[in-house]
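Each chain, letter by letter, is given below.
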Amino acid sequence: MLARECIVSAPGKVILHGEHAVVHGKVALAVSLNLRTYLRIQPGAAGRVSINMPNIDTFLSWDMSSLHALLPASRAGLQNAVEPDAAVVLKLREYAGLGDGLEDTRSLAVLAFLYIYLSVFAESRELPSLTMAVWSELPTGAGLGSSAAFSVCLSAALLASRGAIACSAVEAGQTARWSDEDLELINKWAFQGEKIIHGNPSGVDNAVGTWGGALRYLSGKIKPLSSTPVLRILLTNTRVPRSTKVLVAGVRDKITKFPAIMNPVLESIDPISCECERILMAMARGPEIQHYRVLEELIDINQHHLNVMGVGHPSLDRLCQVSLAHGLHSKLTGAGGGGCGITLLTPDTDSSVVERSIQELKDCGYDCWETSIGAPGVLHHSPSSLTEDVLKILNSY
Ligand SMILES: Nc1ncnc2c1ncn2[C@@H]1O[C@H](COP(=O)(O)OP(=O)(O)OP(=O)(O)O)[C@@H](O)[C@H]1O
Ligand SMILES: C[C@@](O)(CCO)CC(=O)[O-]
Ligand SMILES: [Mg+2]
């Protein structure tokens, strides 16, 4: 049985530049979003573990004795988040009665839960009864880091329940952050969750979900970009469903098939991200309209590269065309193949142009809204710090 309930949240993210290339050791620039995933675990009915994930229409409950049989034989220790191996994942799949289709990414959330739950409690050999509920403001599987926000929440809540990171009660109406050391551990386990959901993640999405703000990410090295200008960004969800796991695997296959063509494309995306970072730093010292012109060009150049990598989609081409007709520049964000795109709004963009663009994109059947970026990373919540809507949803399970 758990000692008490634990409520956490983590933000989604927008990748400005470097998606896909970052999986292959190139730089990515990413920022957190003001849309969050909320997760609560609380003591459950004795002898049962129940998970409620309304965003993906998944509600499951297991008997504790059957879960005990799945505990890994080795106890690698909490500090060394262990990579899920294929045999373990297969065993969990069979246990949960899940098919092995690449397409059904929803089932991967169940696997991520089982894997982190069993691993985190493996050492104590005592599995607690619990009930988990997750609710997200993020569209699922649309390029805004919903899988990472979910994995970060899962990791934080389970580590806190295990007593592996601080879990003191939060004052009414307040939220609390964890120490850097605790955040490192949350991020390590969230990365394992992402491995189950993405196959071969770079780690950039879970880093943003954990630390929040703006950051530069390169091969596991995270550099916070503390002085970035306030950028106005339009987010468009084409509502075309896609799976990051499938898209990342597709890019890997293309690189294997055409290394001499694809490696230079990756090499060329790297300086796009670096140039963007340089401009953002210059803008933080004093933004000029010329900086925005460069950012717009970088967006166009990167979008072409992403198309060459095979992660474009006609719905994203349409987003680029519609926004460009109003003088605005867009690119896909996240894994592409549908999902979301970003459009840069500049100080010389008239508000009527923004309104017309939003309307035209909505007329295409897309969701479109101006977003705000730079939200805090993973948070520990008191129940009264949640909005009534979120609390109502979490309380209904
Ligand atoms: N709120 C949620 N509840 C349960 N599972 C979730 C939730 N949000 C995301 N997931 C899991 O993440 C999967 C979607 O992850 P995927 O990586 O394909 O998209 P994304 O993270 O939204 O986009 P990107 O990786 O491009 O930023 C879902 O199918 C599900 O397994
Ligand atoms: C496509 C990708 O680069 C970003 C997905 O948000 C995958 C990853 O970095 O893990
Ligand atoms: Mg994802």
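Since we're looking at a predicted model, the values are computed, not measured. (Residues numbered from 1 in each chain as written. Chains lettered and ligands numbered in written order. Predicted model: local features only at pLDDT ≥ 70, side-chain atom pairs only at ≥ 80, totals over all residues. Heavy atoms only, no water.)

Asker: An account of the pattern of salt bridges is requested, with residue identities and associated values reported.
Answerer: Pairs can form between side chains of opposite charge once their charged atoms are near each other. Evaluation of the coordinates by the stated rule reveals 14 salt bridges. One salt bridge in this structure joins Glu83 and Lys195, with 2.8 Å as the shortest N-O distance. Taken together, the positions of Glu83 in the loop between α1 (64-68) and α2 (86-96) and Lys195 in helix α5 (residues 180-198) put the pair 112 residues apart, joining distant regions of the chain. Linking Arg239 and Asp367 is a salt bridge whose minimum nitrogen-to-oxygen distance equals 3.7 Å. (Salt bridge = Lys/Arg side-chain N within 4 Å of Asp/Glu carboxyl O. Helix = DSSP H or I, 4+ residues; strand = E, 2+ residues; numbered from the N terminus.)

Asker: I'd love a proper account of the site of ligand 2, names of residues and values included.
Answerer: If you check the shell around ligand 2, you find 14 residues, and the closest are Lys13, His20, Pro201, Ser202 and Asp205. With respect to ligand 2, the side chain of Lys13 contributes an N or O atom lying 2.5 Å from an oxygen atom. Separating an oxygen atom of ligand 2 from a backbone N or O atom of His20 is a distance of 2.8 Å. Computed on the free molecule, ligand 2 has an accessible area of 300 Å², of which 98% lies beneath the protein chains in the complex. Among the elements of the structure, β1 (6-17) and α6 (204-211) are those that each provide at least two residues to the shell around ligand 2. Its residues assigned to classes, the shell around ligand 2 comprises 7 nonpolar, 4 polar and 3 charged. (Near = heavy atom within 4 Å. Polar contact = N/O pair within 3.5 Å; in protein donor to acceptor, adjacent residues only side chain to side chain. Areas by Shrake-Rupley, 256 points an atom, 1.4 Å probe, with all protein chains shown as cover. Nonpolar A, V, L, I, M, F, W, Y, C, P; charged D, E, K, R; others polar.)

Asker: Outline the packing of aromatic side chains, supporting the account with residue identities and numerical values.
Answerer: Counting across every chain of the model gives 5 aromatic pairs. Each member of the aromatic cluster is reached from another via a ring pair, and the members are Trp62, Tyr95, Phe113, Tyr117 and Phe121. (Phe/Tyr/Trp six-rings, centres within 6.5 Å; stacked < 30°, edge-to-face > 60°.)

Asker: Run through the side chain of His17, naming residues and quoting values.
Answerer: Here His17 shows up in strand β1. In terms of polar contacts, His17 uses its side chain to reach the side chain of Asn302, at 2.8 Å. With near-sequence residues (within four places) excluded, His17 lies in contact with Val27, Ala28, Leu29, Ile272, Ser273, Cys276, Leu298, Ile299, Asn302 and Lys331. (Contact = heavy atoms within 4.5 Å.)

Asker: Provide a residue-level description of the UniProt feature "domain: GHMP kinase N-terminal" (unreviewed entry) in the protein chain, including the pertinent values.
Answerer: Look at the UniProt record and you will see "domain: GHMP kinase N-terminal" (unreviewed entry) annotated at residues 121-209. What you have in residues 121-209 is 49% helix and 10% strand, and the ends, taken at the C-alpha atoms, are 23 Å apart. (UniProt positions renumbered as here; feature names shortened; annotations may be inferred.)

Asker: Break down the UniProt feature "domain: GHMP kinase C-terminal" (unreviewed entry) in the protein chain for me, with residues and values.
Answerer: The positions UniProt marks with the feature "domain: GHMP kinase C-terminal" (unreviewed entry) are residues 293-358. Here residues 293-358 is 53% helix and 15% strand, with 21 Å between the C-alpha atoms at its ends.

Asker: Hey, could you go over the environment of Glu171 for me, with residue numbers and the actual values?
Answerer: With respect to the helices and strands, the residue Glu171 is situated in the loop between α4 (146-162) and β6 (175-176). According to the relative accessible area criterion, Glu171 is exposed, its value standing at 64%. Taking C-alpha positions, Glu171 is 49 Å from Ser268, a pair spaced 97 residues apart along the chain. (Buried < 20%, exposed > 50% of the residue type's maximum accessible area, 1.4 Å probe, protein only.)

Asker: Lay out the site of ligand 1 in plain terms, naming residues and giving numbers.
Answerer: Near ligand 1 you find 24 residues, and of these Lys13, Thr105, Ser146, His198 and Arg242 are the closest. Contact distances for ligand 1 include 3.1 Å between a nitrogen atom and a side-chain N or O atom of Asn55. Between ligand 1 and Ala109, the relevant distance is 3.3 Å, taken from an oxygen atom to a main-chain nitrogen or oxygen of the residue. Within the complex, 99% of the 630 Å² of free accessible area of ligand 1 lies under protein. Elements with a minimum of two residues in the shell around ligand 1: α3 (106-122), α4 and α5. Taken together, the residues of the shell around ligand 1 sort by class into 7 nonpolar, 13 polar and 4 charged.

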